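Summary of the model geometry
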Amino acid sequence: MNLRFVLDPELTPELREQIVALWVDVTNAGGAVGFVAPVTAAEVRPLAEETFAGLADGPDRLLVGYAADRLVGILIISDNRFHLKTHWRVLKRVMVHPDTQGQGYGAALMREAERIGRELGLAALHVTVRDGLGLGAFYGRLGYREVGRLPAALRLVPGDDRDEVLMWLDLGTAAG
């Protein structure tokens, strides 16, 4: 496994389209990234554009992972936008292309986010997980622990409500 990571790449039109395509592929493969399959690029694009605005004009950071020249994973390091929470960040839209799963790319992406968090002097990272997909075990292997859950907070379709699981990684830093 040889991934190359780029933090805060230029959000070119090409990269934006690659991210939207990844988002669609991940969702349609059953990934929990804000939608329920099936979705199209036209459905994903409005939320993607909102996300891009937070990257271009705001305090959020984009981490991308490439295998050779192919975009295979992304995540957003999201600022809390509240002065009492500047010492930690939320990881959002954690995605690895479905045809590359099982190669350790997801773990590598999360470890790179952890490395960046430590470099920034953050005290912790937070991620939310849709229950019922086994994602808690994945994050648990990376040192995240469940710190709470919001019962039935996610309504996928009427009659299919899932808990939103809150997971936390203490970085052991004294961020101020």
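Before any of the text, the structure's been laid out above.
Figured I'd write up the structure that's included with this text.

So, how was this worked out
- Residues numbered from 1 in each chain as written.
- Predicted model: local features only at pLDDT ≥ 70, side-chain atom pairs only at ≥ 80, totals over all residues.
- Heavy atoms only, no water.
- Core = buried A, V, L, I, M, F, W, Y, C linked by side-chain atoms within 4.5 Å.
- Buried < 20%, exposed > 50% of the residue type's maximum accessible area, 1.4 Å probe, protein only.
- Helix = DSSP H or I, 4+ residues; strand = E, 2+ residues; numbered from the N terminus.
- Contact = heavy atoms within 4.5 Å.
- Axes fitted to C-alpha atoms, helices over the stretch in contact; angles between N-to-C directions.
- Parallel < 35°, antiparallel > 145°, perpendicular 65-115°, else oblique.
- Left-handed = near helix turned anticlockwise from the far one by under 90°.
- Phe/Tyr/Trp six-rings, centres within 6.5 Å; stacked < 30°, edge-to-face > 60°.

Turning our eyes to something else, we now look at the nonpolar core. Of all hydrophobic cores here, the largest spans 27 residues; its most connected members are L75, L91, M110, Y139 and Y144. Among the elements that make up this core, the one with the highest residue count is helix α3 (residues 105–119) (7 residues). L91 has contacts with L75, I76, I77, M110, A113, L125, H126, V127 and Y144, leaving out every residue within four places of it along the chain. Among the nonpolar cores identified, the runner-up in size contains 22 residues, and L15, W23, L71 and M95 belong to it.

In contact at an axis separation of 9 Å, helix α1 (residues 13–28) and helix α2 (residues 41–56) are set at 125° when each is read in the N-to-C sense. In terms of orientation, α1 lies oblique with respect to α2. For the element pair α1 and α2, the recorded crossing hand is right-handed. Taken together, the residues of α2 that come into contact with α1 (itself represented by R16, E17, I19, V20, W23 and V24) are A41, V44, R45, L47, A48, E49, T51 and F52.

In total, this model carries 4 aromatic pairs according to the counting rule given. Measuring from ring centre to ring centre gives 6.1 Å for W23 and F35, while their planes differ by 75°; the resulting arrangement is edge-to-face. With W23 in helix α1 and F35 in the loop between α1 and α2, the pair connects residues that are 12 residues apart, well separated along the chain. Between F138 and Y139, the aromatic rings sit 5.0 Å apart at their centres with planes inclined by 75°, giving edge-to-face as the arrangement. Residue class for F138 comes out partly exposed when judged on its relative accessible area of 22%. You can call Y139 buried: its relative accessible area is 6%. Ring pairing ties together the aromatic residues F138, Y139 and Y144, which thus form one cluster.

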